[in-house]
Amino acid sequence: MTATLEVSDNVGTIRLDRPPMNALDVATQDRLRELAEEATRRDDVRAVILYGGEKVFAAGADIKEMQAMDHTAMIVRSKALQDSFTAVARIPKPVVAAVTGYALGGGCELALCADFRIAADNAKLGQPEILLGLIPGAGGTQRLARLVGPSRAKDLIFTGRHVKAEEALRIGLVDRVVPVAEVYEQAHAWAARLAQGPALALRAAKESVDAGLETDIDTGLTIERNWFAGLFATEDRERGMRSFVEEGPGKAKFL
């Protein structure tokens, strides 16, 4: 298996396992889609970690495999490539990327699919496709610009340069930088905390933010309003409000 899904305490870890650099070949891309769909379906998975191991997140696509593809082959493959990453981005549960070492090209694009990114102090991120005469093809031109803004995204995409962890934190490409030995531990703590929360409300929050970013403010407010009102039909809303009234804030248990 080029990637696996392991579940513990309601946290699912999607682990890349294609030594030495976790190059994202076709088989790994397809496997990521399968695991994202499995994590979406499973009730025992309430939050997800994307992880490549202690040394490297993912150093990009399998260039040798791509070199053998012609225009016709890539027309067919590029849709499946984007669909695999979109499946990860649309997991309706909190997703955190635990980034160690290199997260380049497709590896950076995979990290962009998460809701939150915790990077090791040795991490290097970037979109170096321009150095191959290409552009990012798994969502990088879109998700990177939405995350860090168009000017910073163009800088990274136009130059293909690598960004060290501290700069990535400064520009908003990652959300936290920690020692490499603590990356997975902190990612798991973040995910485990949210795994205890109200699943439907978390899904509503994620979809409201993500869908709202793709539309105008009035449509976004409508999406928010519909989710907000809809949550009044859930047991979690009843449990949360009852706990607040009877016990005070922050004491509701949703599992």
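Preceding this paragraph is the structure being described.
Let me sum up the structure you'll find in this document. Predicted, not measured: the structure shown is a model, and the values here were computed from it.

### Here we look at the pattern of salt bridges
Okay, step 1: Taken as a whole, this structure holds 17 salt bridges when the rule is applied.
Okay, step 2: Taking the shortest distance from any N to any O, the salt bridge between Arg146 and Glu214 comes out at 3.0 Å. One end of the pair, Arg146, is in helix 5 (residues 140-148); the other, Glu214, is in the loop between helix 9 (199-213) and helix 10 (217-230), and 68 residues separate them in sequence.
Okay, step 3: Overlapping salt bridges bring together Asp30, Arg33, Glu37 and Arg77 as one network.

### Side note on the sheet that holds strand 9 (residues 176-178)
Okay, step 1: Taken in spatial order, the 6 strands line up as 1-2-3-4-6-9 in an open sheet, and their pairing is mixed. Looking along the sheet, the strands with just one partner apiece sit at the ends: strand 1 (3-8) and strand 9. For this sheet the average axis-to-axis angle between neighbouring strands, irrespective of direction, equals 20°.
Okay, step 2: As paired strands, strand 1 and strand 2 (residues 11-16) are joined by 6 bridges and run antiparallel to one another. Residue pairing in the sheet places Val7 in a bridge with Gly12 of strand 2.
Okay, step 3: Contacts from helix 1 (residues 26-41) reach strand 1, strand 2 and strand 3 (47-51) within the one sheet, and its direction differs from that of strand 1 by about 25°.

### Re the packing of aromatic side chains
Okay, step 1: Evaluated as defined, the whole model comprises 3 aromatic pairs.
Okay, step 2: Pairing Phe116 with Trp190 gives two aromatic rings, centres 5.1 Å apart and planes at 10°, and the pair type is stacked. Of this pair, Phe116 sits in strand 6 (residues 116-120) while Trp190 sits in helix 8 (residues 183-195), and the two are 74 residues apart along the sequence.
Okay, step 3: Taking relative accessible area as the criterion, Phe116 reaches 17% and is therefore assigned buried.
Okay, step 4: Under the relative-accessibility criterion, Trp190 is labelled buried at 19%.
Okay, step 5: A ring pair is formed by Phe228 and Phe232, whose centres lie 5.6 Å apart and whose planes are at 70°; its orientation type is edge-to-face.

### Let's talk about a negative patch on the surface
Okay, step 1: Taken together, the side chains of Asp121, Glu166, Glu182 and Glu185 make up a negatively charged region of the molecular surface.
Okay, step 2: By the element assignment, Glu182 lies in the loop between strand 9 and helix 8.

### A closer look at the layout of surface pockets
It is a probe the size of a water molecule, rolled over the atoms, that shows where empty space is left.
Okay, step 1: Size it by volume and the largest pocket reaches roughly 840 Å³.
Okay, step 2: Along its surface, the largest pocket is lined by 29 residues, and Ala89, Asp115, Arg143, Asp210 and Leu213 are the ones closest to its centre.
Okay, step 3: Breaking the lining of the largest pocket down by element, the ones donating at least two residues are helix 3 (71-89), strand 6, helix 5, helix 8 and helix 9.
Okay, step 4: For the lining of the largest pocket, the leading source of residues is helix 9, giving 8 residues.
Okay, step 5: When its residues are assigned to classes, the lining of the largest pocket shows 16 nonpolar, 2 polar and 11 charged.
Okay, step 6: Approximately 680 Å³ is the volume found for the second largest pocket.
Okay, step 7: If you go around the second largest pocket, you meet 34 residues; those closest to its centre are Ala61, Ile63, Met66, Glu129 and Leu134.
Okay, step 8: Broken down by secondary-structure element, the contributors of at least two residues to the lining of the second largest pocket are helix 1, helix 2 (63-67), helix 3 and helix 4 (106-112).
Okay, step 9: Among the residues making up the lining of the second largest pocket, the classes are represented as 20 nonpolar, 8 polar and 6 charged.

Conventions and cut-offs
- Residues numbered from 1 in each chain as written.
- Predicted model: local features only at pLDDT ≥ 70, side-chain atom pairs only at ≥ 80, totals over all residues.
- Heavy atoms only, no water.
- Salt bridge = Lys/Arg side-chain N within 4 Å of Asp/Glu carboxyl O.
- Helix = DSSP H or I, 4+ residues; strand = E, 2+ residues; numbered from the N terminus.
- Pairing = 2+ DSSP bridges.
- Axes fitted to C-alpha atoms, helices over the stretch in contact; angles between N-to-C directions.
- Contact = heavy atoms within 4.5 Å.
- Phe/Tyr/Trp six-rings, centres within 6.5 Å; stacked < 30°, edge-to-face > 60°.
- Buried < 20%, exposed > 50% of the residue type's maximum accessible area, 1.4 Å probe, protein only.
- Patch = residues over 30% accessible without salt bridge, like charges linked within 9 Å, V, L, I, M, F, W, Y side chains within 5 Å.
- Areas by Shrake-Rupley, 256 points an atom, 1.4 Å probe, with all protein chains shown as cover.
- Lys, Arg positive; Asp, Glu negative; His and termini not counted.
- Charge placed at Lys NZ, Arg CZ, Asp CG, Glu CD.
- 1 Å grid on protein atoms, 1.4 Å probe; cavity = no way out; pocket = protein on both sides within 12 Å on 5 of 7 lines; lining within 4 Å.
- Points joined across faces, edges and corners; volume = space filled by probe spheres on them.
- Nonpolar A, V, L, I, M, F, W, Y, C, P; charged D, E, K, R; others polar.

Keep in mind that these numbers describe shape and distance, not what the molecule does.
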